[in-house]
Amino acid sequence: MRTQRALRAATVLMFAGMAFGTSTVRKDLHFRVGKHPTVSINNPYGPITVRAGAPQQVVVVAMLHSDRVELDQSQSRNRINLVSHLLPGADSISGLVEYEVLVPPDADVTLHADTGTLHAEKLHGDLTMEGVNAAMEVVDCADGHVHLKTLNGNVNLTNVRNGHVEVVSMNGDVVMTGVSGPYVSVNSNSGRIQYDGDFGGEGEYNFISHTGNIEAMAPPYASIDVLARSNQGPVESDFSLEPKHAPFISRTGSAFTGTLGKAASSVRLFSFSGKIHLKKRQN
Amino acid sequence: MKCLEFERVLPEYLEGNYLPEQQAHLQTCAACSNLLADLKLISEQAKSLIASHEPSPALWNALEERLRREGLIRQAQPPGFRLRSFSSRWRLAWLVPLAAAIAIGTVVKLHYPMKAGDTQPVARQESIPAPPAKPMSSEDLQLLTTVAERPPAQRAKYRANLDDANSFIRDAEQSAKQDPSDIFMQQMLINAYEQKQMLYDLAVYRSEPGEQ
């Protein structure tokens, strides 16, 4: 009886050990690269975190959650391509791969995911993110172009400076804090667009939505030329703007235009039926 | 029965060979019943599509001329309104899907004038209780076909996003037609097409060889 129980326990432990052993596989990859490398990662299911690391090397840690997904890698001179290759029968759970990646600060990075969070931090090269439901976070990046496309994921941009920023989103909210540069464009369908920054860099800021609300917060010292219009929604400004010529007939309650300070940056806030509010930061 | 099992027998189901358990699954699973409805629609629309040929340059020129006449595109921006790279980058890009949609509409009207309603007097149209649903464009059908292999929830999201993008295009188009000089609405139309282009891009991405 005791022997039987011991055998049963051993069997259970053995199967549990096998399941544990095969459930998650860690892969460590190291690549030597030159200046300004290109790193592309396509991961259908799972998060990708990319941070600036040491120059001339790319370090990848990938956690594969089952044997139904493989990691394909290739390096062609300065270009690195990583793909989570789904095998037949893989789904969002068995096909899950988590990436932690360190790249040289000047690397150009392209990330694609259906689900999971895409996170980029302290990069100075061009950054492209594409996702269906993937949330996107860009933090402390500068000097490069940032192009983001998402259907349903939320987008958060924090402290992104001196680059072209272009975001196209269907239903995800786009929240920008401390974002400035020569060109900042957000094109949203029903997602909310929220901006909190100084509209600096003598740039062009275009925020457009179909039904999503647009809320832009600027300091009292902002230097902007503003044009705001919602075809069917209300528009509101906390600022007393200097009047200027409008390229459309300004209707009370649905449009306003004017300048603040030296009008160094151009700000366009357009919505078809969303609410638009230009807020003044109090501190 | 699970969704994956149902998807495996979809071809047989469409041909009319089905079992009671498949019927039962359809009644309880919105994703699969939506997929079935989409595939039936695609199948019906495909029958009415004529083999497509690359339009001649003359046709493209005629389409551009027509768009200009309708005020949907303009020769030049008036001074004092800065859209610079914002608009110039997309000014031509958005013409392609719009022109394609008009081309398809023209072909359908040429070959099926009765179905398109061209010969029906306005008074008789008013007596129709509900307007007929606008046929889905071949590009949209292609997109839904492309994502047909995706998980049901993701397919449903593509469908919903496609509806949202088309709704934006419709709103902007109608407003641009009402006031062709409204640059604001032209910009909205460009952005609406940019959203739809993104949908196509994301749908096609995983279907390319070598991608997953």
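Shown above is the structure to which this text applies.
Being a predicted model, the structure only gives us computed values, none of them experimental.

Novice: It is not clear to me how the side chain of Arg 229 of chain A should be interpreted in this structure. Could you clarify?
Specialist: With respect to the helices, strands and loops of the structure, Arg 229 of chain A is situated in strand β20 (residues 224–230). A polar side-chain atom of Arg 229 of chain A sits 2.9 Å from a polar atom in the side chain of Asp 182 of chain B.

Novice: What is the right way to read the interface of chain A and chain B from this model?
Specialist: Interfaces are often sized by the amount of accessible area the parts lose when they come together. In this complex, chain A contributes 41 residues to the contact, which on the side of chain B involves 35 residues. Viewed at the interface, chain B and chain A are joined by two salt bridges. Across the salt bridge formed by Lys 149 of chain A and Asp 201 of chain B, the nearest N and O atoms sit 3.4 Å from each other. Across the chain A-chain B interface, the total number found is eleven residue pairs in polar contact (both at pLDDT 80 or more). Tallying contributions element by element places strand β23 (residues 265–271) of chain A first for the side of chain A that touches chain B, with five residues. The class makeup of the residues in the side of chain A that touches chain B is 13 nonpolar, 21 polar and seven charged.

Novice: I'm lost on the sheet that holds strand β5 (residues 69–76) of chain A in this one. Help?
Specialist: Adjacent strands of a sheet form backbone hydrogen bonds with each other and so pair up, either parallel or antiparallel. Strand order in the open sheet formed by twelve strands is β5-β6-β2-β8-β10-β12-β14-β16-β18-β23-β20-β22 (chain A), with mixed pairing between adjacent strands. Single-partner strands in this sheet number two, and they are β5 and β22 (255–260) of chain A. Strand-to-strand, the axes of this sheet are offset by a mean angle of 5°, without reference to chain direction. Relative to β23 of chain A, β20 of chain A is paired through seven bridges, and the arrangement is parallel. Paired with Ser 230 of chain A across the bridge in β23 of chain A is Ser 271 of chain A. Packed onto the sheet, helix α12 (residues 183–205) of chain B meets β2 (38–45), β8 (108–115), β10 (127–131), β12 (146–150), β14 (164–169), β16 (183–188), β18 (204–209), β20 and β23 of chain A and runs at close to 75° relative to β14 of chain A.

Novice: Explain the pattern of salt bridges here, please?
Specialist: Where side chains of opposite charge bring their charged atoms close, a pairing between them can arise. Residues and elements named next belong to chain A. Taken as a whole and assessed by the stated rule, the structure comprises 13 salt bridges over all chains. Residues Lys 122 and Glu 121 are paired through a salt bridge, measuring 3.8 Å at the closest nitrogen-oxygen approach. Residues Lys 279 and Glu 215 are paired through a salt bridge, measuring 3.4 Å at the closest nitrogen-oxygen approach. One end of the pair, Lys 279, is in strand β24 (residues 276–280); the other, Glu 215, is in strand β19 (residues 214–218), with 64 residues separating them in the sequence. A relative accessible area of 23% places Lys 279 in the partly exposed class. Three or more residues joined by partner-sharing salt bridges are found here, namely Arg 51, Glu 100, Glu 121, Lys 122 and Asp 140.

Novice: Sorry if this is basic, but what is going on with the nonpolar core here?
Specialist: Core analysis: the largest hydrophobic core is formed by 67 residues, its most contacted members being Tyr 99, Leu 157, Met 176 and Phe 207 of chain A. For this core, the domains that each give at least three residues are domain 1 (1–108) and domain 2 (154–283) of chain A. Setting aside its immediate chain neighbours within four residues, Leu 157 of chain A contacts Val 138, Val 146, Leu 148, Val 165, Val 167, Val 175, Met 176, Thr 177 and Val 179 of chain A. Of all hydrophobic cores here, the second largest spans 16 residues; its members include Val 132, Leu 151 and Met 170 of chain A together with Ala 203 of chain B.

Conventions we followed
- Residues numbered from 1 in each chain as written.
- Chains lettered and ligands numbered in written order.
- Predicted model: local features only at pLDDT ≥ 70, side-chain atom pairs only at ≥ 80, totals over all residues.
- Heavy atoms only, no water.
- Helix = DSSP H or I, 4+ residues; strand = E, 2+ residues; numbered from the N terminus.
- Polar contact = N/O pair within 3.5 Å; in protein donor to acceptor, adjacent residues only side chain to side chain.
- Contact = heavy atoms within 4.5 Å.
- Salt bridge = Lys/Arg side-chain N within 4 Å of Asp/Glu carboxyl O.
- Nonpolar A, V, L, I, M, F, W, Y, C, P; charged D, E, K, R; others polar.
- Pairing = 2+ DSSP bridges.
- Axes fitted to C-alpha atoms, helices over the stretch in contact; angles between N-to-C directions.
- Buried < 20%, exposed > 50% of the residue type's maximum accessible area, 1.4 Å probe, protein only.
- Core = buried A, V, L, I, M, F, W, Y, C linked by side-chain atoms within 4.5 Å.
- Domains from an automatic or database assignment.

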